[in-house]
Amino acid sequence: MAQAIAINTPLTDEQVMKLKSGDSVLITGRIYTARDAAHKKLHDLIKQGEKLPLDLQGQIIYYAGPAPTKPGYVIGPAGPTTSGRCDPYTPDLLARGLKGMIGKGVRSKDVLDAMQKYKAVYFAATGGAAALISKNIKAVKIVAYEELGPEAIRELEVVDFPVIVANDAHGNDLYAEGMKKYRR
Amino acid sequence: MREVPYNDIVDTVARLCMEANYFLGDDLLTAFRKGLDVEESETGRDILGQLIKNAEIAKNEQIPLCQDCGFAVVFLEMGTEAHVAGDIIEAINEGVRRGYTDGYLRKSILSDPVKGKNTDDNTPAIVHTTLVPGDKIKITVAPKGGGSENMSEVKMGKPADGIEGVKAFVIDRVIRSSSNPCPPIIVGVGIGGTFEYVAFLAKKALLRNIGERNPDPFYADVEKELLAKINDLGIGPMGLGGRITALEVFIETHPRHIASFPVAVNINCHVARHKTAII
């Protein structure tokens with residue numbers, strides 16, 4: 001594995017600005033799961049000017065809806081889902097201090113622009129490696145929207161959670177650059 | 001006529017749902033390992049290594065490979081001399097219900113596409129039934145994840161498009177899918193038939209194992225050519241750049257109307273699940 005950079009949550013602007021697309025990163029600390037259904041609820045609260053069920057300042061959202069937890073386990077397999085479905089709601093969350101996102105797949109231009117404006121980073125986790133990834137999750141707590149089942153917002157305590165910086169706060173895009181580099 | 005007990009169908013489907021979600025095919029594991037030799041991107045190699053480890057963990061602990069345990073797509077080949085007492089579709093759904101519940105698999109199905117709520121047991125299954133001679137019942141469960149299914153498409157092309165048109169459509173579909181379907185992908189291609197049948201062909205193509213070529217040498221060559229072209233795109237594992245974008249291209253064909261040229265692309269992620277049993 002490439003030499004990985006260890007980071008702890010919550011993130012500061014300074015930490016975010018140091019990360020470059022292509023970096024391997026190991027995240028330790030608390031992160032929050034939310035998929036598009038939870039994003040829509042957060043977005044509606046923002047539109048109505050109401051308080052969010054979690055403080056986004058410096059936090060990382062992980063686009064994930066885990067499988068059920070088998071007895072004796074902390075959490076079921078929990079890999080990333082397609083990030084693009086959260087794109088319409090993301091700039092508003094970045095404006096409220098969200099510093100990082102973990103998912104899979106390319107982001108919209110609006111999201112990438114907002115990431116530069118508000119200094120945030122987008123990490124790619126390995127889709128379909130859900131059993132492996134769940135080993136880096138040490139504790140789980142539902143924070144909001146329990147009725148959404150796998151789509152509820154969960155606080156995860158993670159240790160050395162492996163990701164790659166796909167889009168950094170400087171406008172670099174590993175999806176575009178990686179494809180260009182290996183195209184024949 | 002051979003009588004097949006209702007519960008044999010239920011038990012078999014439940015077992016196949018779990019096995020498909022826990023145990024990755026050896027063909028795929030071999031393809032990941034071969035990919036490690038070919039992949040030039042360090043990130044790409046890291047990802048392939050993670051996929052191999054993931055498959056080991058899922059198998060050893062009997063937990064799902066991916067949290068998206070899919071829509072339960074069932075291919076039922078029903079021997080006309082076999083008889084099941086009761087509703088076989090309900091037996092399949094009972095099997096899905098039991099497999100997804102007892103197996104700790106994620107339930108991802110909404111009861112109605114617009115107004116629906118989660119059915120909480122991953123039913124109903126999508127069942128494709130074919131009647132075949134004999135007294136056996138062959139059941140294949142192929143759980144299909146949303147991320148790769150969303151990158152699929154049907155095109156009603158022009159007969160003048162020919163095979164070059166098919167190739168261009170497939171390549172374009174893969175480029176537009178980019179990182180979303182969790183590369184390395186498996187590409188199922190249907191050519192011919194009608195609007196609805198071509199999509200079925202593309203899905204059915206995904207049931208083949210890695211390396212299983214179309215028996216027609218013409219289409220076998222097209223499969224090989226498309227695979228090489230897709231792997232020259234540079235998309236790479238998880239779309240982060242690299243050599244291994246696809247593990248396979250499978251083409252299935254059917255006669256067509258003189259006026260129509262249907263083509264379908266059904267993309268599968270690297271967790272290409274399908275398990276079969278014959279009762």
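Residues numbered from 1 in each chain as written. Chains lettered and ligands numbered in written order. Predicted model: local features only at pLDDT ≥ 70, side-chain atom pairs only at ≥ 80, totals over all residues. Heavy atoms only, no water.

Caption draft 1: Structural detail: the interface of chain A and chain B. Every contact between the two is made by 42 residues of chain A and, on the other side, 41 residues of chain B. With both sides pooled, the region where chain A packs onto chain B buries about 3,400 Å², and carbon together with sulfur makes up 59% of that total. Three residues stand out in chain A for area buried against chain B, namely Leu132, Tyr182 and Arg184 of chain A, and they jointly supply 19% of the buried area on that side. Here chain A and chain B share three salt bridges between them. When the shortest N-O distance is used, the salt bridge between Asp232 of chain B and Arg184 of chain A registers 3.5 Å. Here chain A and chain B share 17 residue pairs in polar contact (both at pLDDT 80 or more) between them. Among the elements of the structure, α5 (130-134), β7 (153-167) and α6 (174-182) of chain A are those that each provide at least two residues to the side of chain A that touches chain B. Per-element accounting of the side of chain A that touches chain B gives the leading share, five residues, to α6 of chain A. (Contact = heavy atoms within 4.5 Å. Buried area = accessible area lost by both parts, 1.4 Å probe. Salt bridge = Lys/Arg side-chain N within 4 Å of Asp/Glu carboxyl O. Polar contact = N/O pair within 3.5 Å; in protein donor to acceptor, adjacent residues only side chain to side chain. Helix = DSSP H or I, 4+ residues; strand = E, 2+ residues; numbered from the N terminus.)

Caption draft 2: Molecular detail of the packing of aromatic side chains. For the structure shown, the criterion picks out five aromatic pairs over all chains. Relative to Phe200 of chain B, the ring of Phe75 of chain B has its centre 5.9 Å away and its plane inclined at 40°; by these criteria the two rings are tilted. On the criterion of sequence distance, the pair formed by Phe75 of chain B in strand β2 (residues 71-79) and Phe200 of chain B in helix α7 (residues 195-205) is long-range, its members being 125 residues apart. Across the pair, Phe200 of chain B and Phe75 of chain B agree in class, each one buried. Within the aromatic cluster, the residues linked to one another by ring pairs are Phe75, Tyr197 and Phe200 of chain B. When the ring centre of Tyr122 of chain A is taken as origin, the NZ or CZ atom of Arg107 of chain A, which lies over that ring, is 4.8 Å away. (Phe/Tyr/Trp six-rings, centres within 6.5 Å; stacked < 30°, edge-to-face > 60°. Buried < 20%, exposed > 50% of the residue type's maximum accessible area, 1.4 Å probe, protein only. Lys NZ or Arg CZ within 6 Å of the ring centre and 35° of its normal.)

Caption draft 3: Seen up close, the pattern of salt bridges. All names here are of chain B. In total, this model carries 37 salt bridges over all chains according to the counting rule given. Glu252 is paired through a salt bridge with Arg208; the nearest N and O atoms lie 3.0 Å apart. With Glu252 in strand β8 (residues 246-256) and Arg208 in the loop between α7 and α8 (217-231), this pair connects stretches of sequence that are 44 residues apart. For the pair Glu252 and Arg208, a shared accessibility class is recorded, and that class is buried.

Caption draft 4: The arrangement of helix α2 (residues 26-38) of chain B in detail. If you check α2 of chain B, its first and last C-alpha atoms are 19 Å apart, about what 13 residues at 1.5 Å a residue would give, namely 18 Å. Buried within α2 of chain B are the following residues: Asp27, Leu28, Leu29, Ala31, Phe32 and Gly35 of chain B. (Expected span 1.5 Å × (residues − 1).)

Caption draft 5: Up close: the sheet that holds strand β5 (residues 137-144) of chain B. Residue and element names in this part refer to chain B. Across the sheet, which stays open at both edges, the four strands sit in the order β4-β2-β5-β10 with mixed pairing between neighbours. Here the strands that pair on one side only, and so sit at the sheet edges, are β4 (126-132) and β10 (275-278). Going from strand to strand, the sheet's axes swing by 15° on average, the running direction of each strand aside. The sheet contact formed by β2 and β4 spans seven bridges and is parallel. Each residue of the ladder has a partner; that of Met78, found in β4, is Leu131. Packing of helix α1 (residues 6-22) onto the sheet brings it into contact with β5 and β10, and relative to β5 it is tilted by some 40°. Strand contacts of helix α4 (residues 88-102): β2, β4 and β5, with the helix running at about 140° to β2, the strand carrying the most contacts. (Pairing = 2+ DSSP bridges. Axes fitted to C-alpha atoms, helices over the stretch in contact; angles between N-to-C directions.)

Caption draft 6: Region of the structure containing the environment of Ile126 of chain B. Residue and element names in this part refer to chain B. By secondary structure assignment, the location of Ile126 is in strand β4. On the basis of relative accessible area, Ile126 is assigned to the partly exposed category, the value being 35%. Linking Ile126 and Pro143, residues 17 residues apart in sequence, is a C-alpha distance of 9.8 Å. Excluding residues within four positions of it along the chain, Ile126 makes contact with Phe71, Ala72, Val73 and Val74.

Caption draft 7: Structural view of the packing of helix α6 (residues 162-177) of chain B against α8 of chain B. Residues and elements named next belong to chain B. Between α6 and α8, whose axes approach to 11 Å, the crossing angle comes to 35°. Considering the relative orientation of α6 and α8, their crossing is right-handed. Where α6 approaches α8, its residues Ile163, Lys167, Val170, Ile171 and Val174 are matched on the opposing element by Phe218, Tyr219, Val222, Glu225, Leu226, Lys229 and Ile230. Looking at side-chain class alone, the contact of α6 with α8 contains nine nonpolar, no polar and three charged residues. (Left-handed = near helix turned anticlockwise from the far one by under 90°. Nonpolar A, V, L, I, M, F, W, Y, C, P; charged D, E, K, R; others polar.)

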